[in-house]
Amino acid sequence: MNNLYTDSVSRDRELHEDDRQFATTLARGLDILRCFSPFNPEFGNKELSVRSGLPKPTVSRLTYTLTCLGYLKQDSTSRKYRLGSAVLSIGYPLLANLSVRQIARPYMRELANYAKGWVSIGIRDRLNMIYIDSERSSTILRVKPDVGQSFPILVSSMGRAYLATLPESDRNALLNQIKVKAPDLWEKYETQISQAIEQHKARHFCTRHSDFLPDAHSVGVCMMPTIDNELFAFNCAIPIYALQPNQLEQDIGPKLVHMVRTIERVVREARLHPVN
């Protein structure tokens, strides 16, 4: 049985087969950790073997080691594994040192309240975008996206804005990876990606009338690289019931562009004049 995740990690490992500096065992352990998600929080060794493409004896050794180190926790009844608390000790320092989150938060909250939706910021992780922060309007009951939630680059306005902002050579290289590692996604969304890039050239944002979030539509904008060449992407999503005709294109999109350009300016000023 193969799936998108299995194909992706297998090809990533194959790329480094002849690299003597590449620590294969470490890569395999990290691939095990990457199998878990909010939608798939618990696996046994057999399931992890299928998802990772690794032999079950290898998976058993890796899960044992990761459990000993606190990165996995085994349920005493089901004998299945979940992520352990030690994973937080890796992720939190990254989030804590992303100063753009603190700078962006009040602007995100202001736009979320205006739009009666939610505004999120994300970064790329391989072929996905991953949320690093989110603000929600106080007028909607829907739970805002969780920090750490990820989704394929192709399916969201945030991911499409990220693609459109990349230099053409980098974008083509990333799209080639997607074509190879996620051919089904590419076949489904190829035309929409071309349209999104053209929209971004004209409007500086990408809209998404979503099947990824079927009850909400969204618009995405990407920051220009200002922090260690990292690209931060933003989206503003609005429940369909609260969205007015053409509101994304005529109102929310331009306001999101203005918000992101403001954050860029504040980030640049903070780097030029750090507070000691």
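Residues numbered from 1 in each chain as written. Predicted model: local features only at pLDDT ≥ 70, side-chain atom pairs only at ≥ 80, totals over all residues. Heavy atoms only, no water.

Honestly, the overall build of the chain in this entry has me stumped. Any pointers?
Within the chain, the regular secondary structure consists of 10 helices and eight strands. Considering only contacts in the chain between residues 6 or more positions apart, those separated by 24 or more positions represent 59%. Looking at the chain as shown, the accessible area adds up to about 15100 Å², and 53% of this sits on carbon and sulfur atoms. (Helix = DSSP H or I, 4+ residues; strand = E, 2+ residues; numbered from the N terminus. Contact = heavy atoms within 4.5 Å. Areas by Shrake-Rupley, 256 points an atom, 1.4 Å probe, with all protein chains shown as cover.)

Mind showing me how you'd approach helix α9 (residues 183–203) here?
Structural remark: α-helix, 3.6 residues per turn; residues separated by three or four positions point the same way. Here α9 is 21 residues long and its end C-alpha atoms lie 29 Å apart, about the 30 Å a rise of 1.5 Å per residue gives. Residues of α9 that are buried include every one of W186, Y189, I193, A196, I197, Q199 and H200, and no others. Phi for H204, located one or two positions after α9, is positive at around 70°. (Expected span 1.5 Å × (residues − 1). Buried < 20%, exposed > 50% of the residue type's maximum accessible area, 1.4 Å probe, protein only.)

Where do I start with the pairing of strand β8 (residues 233–239) in this structure?
Moving residue by residue along a regular strand, the side chains alternate between the two faces of the sheet. The element β8 is extensively covered by neighbouring structure, given that seven of its seven residues are classed as buried. Neither face of β8 is exposed, since A233, N235, A237 and P239 on one face and F234, C236 and I238 on the opposite face are all buried. Sheet topology places strand β3 (residues 118–125) next to β8; five bridges connect them, and they run antiparallel. Counted as the bridge partner of S120 is N235 from β8. Pairing of strand β7 (residues 216–222) with β8, which is carried by seven bridges, proceeds in the antiparallel orientation. Along β8, the bridge assignment pairs V219 with C236. (Pairing = 2+ DSSP bridges.)

How do you make sense of the pattern of salt bridges when you look at a structure like this?
As a working rule, side chains carrying opposite charge can pair if their charged atoms are close by. Evaluated as defined, the whole model comprises 11 salt bridges. A salt bridge links R109 to E135; its shortest N-O distance comes to 3.3 Å. Within this pair, whereas R109 is found in helix α6 (residues 99–115), its partner E135 is found in strand β4 (residues 128–136), the two being separated by 26 residues in sequence. Exposure remark for R109: the relative accessible area of 35% places this residue in the partly exposed category. Accessibility expressed as a relative area gives 10% for E135, which makes it buried. Across the salt bridge formed by K201 and E198, the nearest N and O atoms sit 3.3 Å from each other. Of this pair, K201 and E198 both sit in helix α9, three residues apart, roughly one helical turn. Given a relative accessible area of 46%, E198 falls into the partly exposed group. The network of salt bridges with common partners includes R101, R105, R109, D133 and E135. (Salt bridge = Lys/Arg side-chain N within 4 Å of Asp/Glu carboxyl O.)

Explain the nonpolar core to me, please; I cannot follow it from the model alone.
The tendency in soluble globular proteins is for nonpolar side chains to be buried side by side. Counting 31 residues, the largest nonpolar core has F232, F234, C236, L256, M259 and I263 as the members making the most contacts within it. Of all the elements in the fold, those that place two or more residues in this core are α6, β3, β7, β8 and α10 (247–272). Considering every element that reaches this core, the biggest residue donor is α10, with eight residues. In terms of nonpolar packing, the next biggest core, distinct from the first, is built from 26 residues, M129, L154, Y162 and I197 among them. (Core = buried A, V, L, I, M, F, W, Y, C linked by side-chain atoms within 4.5 Å.)

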